[in-house]
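Notes for the structure review
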Protein chains: 2
Amino acid sequence: MELLSSHRSCDGSQERYRHASKSLNCNMNFSIYLPPQISPPLDNRSQVPAVYWLSGLTCTDENFATKAGAQRAAAELGIALVMPDTSPRGEGVADVADAYDLGLGAGFYVNATEEPWSRHYRMYDYIVDELPALVEQHFPINDRRSICGHSMGGHGALMIALRNPVRYRSVSAFSPVVNPTTSPWGKKAFSHYLGDDIKNWWAYDATLLIAAARASEHLPILVDQGNADEFLAEQLKTERFIAACEAAHYPARINMRAGYDHSYFFISTFIESHLHFHAQALSS
Amino acid sequence: MELLSSHRSCDGSQERYRHASKSLNCNMNFSIYLPPQISPPLDNRSQVPAVYWLSGLTCTDENFATKAGAQRAAAELGIALVMPDTSPRGEGVADVADAYDLGLGAGFYVNATEEPWSRHYRMYDYIVDELPALVEQHFPINDRRSICGHSMGGHGALMIALRNPVRYRSVSAFSPVVNPTTSPWGKKAFSHYLGDDIKNWWAYDATLLIAAARASEHLPILVDQGNADEFLAEQLKTERFIAACEAAHYPARINMRAGYDHSYFFISTFIESHLHFHAQALSS
């Protein structure tokens, strides 16, 4: 791992690293916030839990680090923040010119099976397995994990947690694309990455996964959604997730927030409440 | 005034406007945060005070709005935030290609007297007179003002407040260029904007203004400076401001912060304490 930058922030350290990813067959950057509870000399008692943040379309690992203001609450709560990129990157990685919703910046956190995507676009494996293993090996971070994200990444967080309820203590999302198999963004991405057989899409759809979840493996779920979000009606369709949770008796807390839109101003308003939500699950 | 954007943030509203500036002879954008204490229907009781934020080199009105996380404390305290741009903009505005520290983004908050700058580069008048008059006319914001900034803008805040102690209740700065008449950034900018006679620079230098301040007009001053700031030794020279305050018995609070650098991670760590500092002065 190569350290790209380090900035003191809220008595902790905001850092950025590059590493060679085996899952993605390319070099990847990630950002990480190490709270002040991690302080040298390190010992087992200074290990902290981590919240993984999955960003939305067009983002990199840096948007959340610079715009959400999450470090303050993470420092108070003694939680590390792990912020991966949103797709594989670099020369030779497939992309579509002028499409913000397919290719670079738009990995959708799936393992692609189709050409030309399958060599690099394996973000599901990267987020679920490779990155946590790397982070827990190199930093004093334990295996208590929660996961959170925005829009495409809000869905990624829900989908990954629902498929891996033993690996995460809690999951939360801002403005998630809850039902990608029926949204224009999701249908475009899944048809390219996963092919035309929609049966192969189902395992990557949080609303469908809710119905399949075992009651014994229910996780704490928190969703915040602005009712002035410009993508709500066409892309996000929060009401489908609410209906699925009700039908499956999955106890999710879903807040519709009056006047808020899809921007980082929404995230920065409520990120502290999300981190408190995760802290409770991580400490229990 | 033209509304360019509006986002709900911390129960208030983060907005961006364009207007024709008479001081600067061009169209200017500014950002403004209106806290939730301003709520329609408006009446005199819902007027709030304002903290003006002056940004540093290369910034626009948007950097602080998106990266500092200041809205949360402003919402709690009932303070509006007014965020101007750092220079005149647009076609016909003088600039120097490839110089980040002169021309666009580098107005240094002075009234230029030299060609080709004097037609547009009158940021001092814009910040001191035109923008407050505009803001106090269009929004339920009263004339209780404080001022704050970063780097070039940290100096701008100190310089403007020291020259106008009746117009401001308090002043604070992050990483200010405290003595621009002796720093490379300041000398370059002042020689172009103000000419070669350094006597004409003195009225724009906060360290020199401290010596000239009347004790009856002393303002509350707060400065935060990181000791790992990459510009500290060559450009910022905080020790000169500390010495000037001591010599003049000007009671400034100047905090050297271990490990912090020049970035927005430093600002976002301490902006809440600055807004609490200003709130106390604005309410007394």
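Residues numbered from 1 in each chain as written. Chains lettered and ligands numbered in written order. Predicted model: local features only at pLDDT ≥ 70, side-chain atom pairs only at ≥ 80, totals over all residues. Heavy atoms only, no water.

Some remarks on the overall build of chain A
When you go through chain A residue by residue, the secondary structure sums to nine helices and nine strands. Relative to a compact globule of 284 residues, whose C-alpha radius of gyration would be 19 Å, chain A shows 18 Å and is just as compact. Taken over the C-alpha atoms alone, chain A extends approximately 55 × 45 × 35 Å along its principal axes. The buried share of chain A, taken over its 284 residues, is 61%. Looking at chain A alone, contacts between residues at least 24 apart form 72% of all its contacts between residues at least 6 apart. Of the roughly 10,900 Å² of accessible surface on chain A, 49% is carried by carbon and sulfur atoms. (Helix = DSSP H or I, 4+ residues; strand = E, 2+ residues; numbered from the N terminus. Rg over C-alpha atoms; globule rule 2.2 N^0.38 Å. Buried < 20%, exposed > 50% of the residue type's maximum accessible area, 1.4 Å probe, protein only. Contact = heavy atoms within 4.5 Å. Areas by Shrake-Rupley, 256 points an atom, 1.4 Å probe, with all protein chains shown as cover.)

Notes on the relation of the copies chain B and chain A
Expressed as a screw transformation, the operator carrying chain B onto chain A has a rotation angle of 180 degrees and an axial translation of 0.0 Å, and the superposed copies differ by an RMSD of 0.0 Å. Both copies are brought into coincidence by an operation consistent with a two-fold rotation axis. Of the C-alpha atoms belonging to chain B, the one lying closest to the rotation axis is found on B:Lys67, 2.4 Å away. With an isologous cut-off of 70% or more, the 100% of interface residues of chain B that recur at the interface of chain A puts this contact in the isologous class. (Least-squares fit on C-alpha atoms with pLDDT ≥ 70 in both.)

Concerning the confidence of the model for chain A
The share of residues in chain A with pLDDT of 70 or more is 98%, and the mean pLDDT across the chain is 96. Scoring the predicted complex yields pTM 0.96 and, for the interface, ipTM 0.94. (pLDDT = per-residue confidence, 0-100.)

Observations concerning the sheet that holds strand β5 (residues 80–84) of chain A
All names here are of chain A. Here nine strands make up an open sheet; going across it, the order is β1-β2-β3-β5-β4-β6-β7-β8-β9 and the pairing mixed. Each of the sheet's edge strands pairs with one partner strand only, and the pair in question is β1 (2–9) and β9 (252–257). The mean angle between the axes of side-by-side strands here comes to 20 degrees, regardless of whether they run parallel or antiparallel. As paired strands, strand β2 (residues 12–21) and strand β3 (residues 26–34) are joined by nine bridges and run antiparallel to one another. (Pairing = 2+ DSSP bridges. Axes fitted to C-alpha atoms, helices over the stretch in contact; angles between N-to-C directions.)

Focus: a nonpolar patch on the surface
A cluster of nonpolar side chains, contributed by A:Ile198, A:Trp202 and A:Leu208, occupies part of the molecular surface with about 280 Å² of accessible area. Looking at the element boundaries, A:Leu208 is found in helix α6 (residues 206–212). (Patch = residues over 30% accessible without salt bridge, like charges linked within 9 Å, V, L, I, M, F, W, Y side chains within 5 Å. Salt bridge = Lys/Arg side-chain N within 4 Å of Asp/Glu carboxyl O.)

Brief notes about the packing of helix α3 (residues 123–138) of chain A against helix α4 (residues 152–163) of chain A
All names here are of chain A. One way to put it is that α3 packs onto α4 with a least axis distance of 11 Å and a crossing angle of 60 degrees. For the element pair α3 / α4, the angle class is oblique. Classified by chirality, the crossing of α4 by α3 is right-handed. In this structure, α3 uses Tyr124, Ile127 and Val128 to contact α4, whose residues at the interface are Met159, Ile160 and Arg163. Taken together, the residues that form the contact of α3 with α4 break down as five nonpolar, no polar and one charged. (Parallel < 35°, antiparallel > 145°, perpendicular 65-115°, else oblique. Left-handed = near helix turned anticlockwise from the far one by under 90°. Nonpolar A, V, L, I, M, F, W, Y, C, P; charged D, E, K, R; others polar.)

Describing the sheet that holds strand β6 (residues 141–150) of chain B
All names here are of chain B. Here nine strands make up an open sheet; going across it, the order is β1-β2-β3-β5-β4-β6-β7-β8-β9 and the pairing mixed. Sheet topology places β1 (2–9) and β9 (252–257) at the edges, where each strand pairs with a single neighbour. Neighbouring strand axes in the sheet, compared pairwise and without regard to direction, differ in orientation by 20 degrees on average. The pairing of strand β3 (residues 26–34) with strand β5 (residues 80–84) spans four bridges and is antiparallel.

Some points on the pattern of salt bridges
One pass over the full model with this rule turns up 24 salt bridges over all chains. Ionic pairing is found between A:Arg72 and A:Glu272, a salt bridge with its closest N-O pair at 3.9 Å. Separated by 200 residues along the polypeptide, A:Arg72 in helix α2 (residues 71–77) and A:Glu272 in helix α9 (residues 264–283) bring together distant segments of the chain. We classify A:Glu272 as partly exposed; its relative accessible area is 21%. A salt bridge links B:Asp224 to B:Arg257, with the nearest nitrogen and oxygen atoms 2.5 Å apart.

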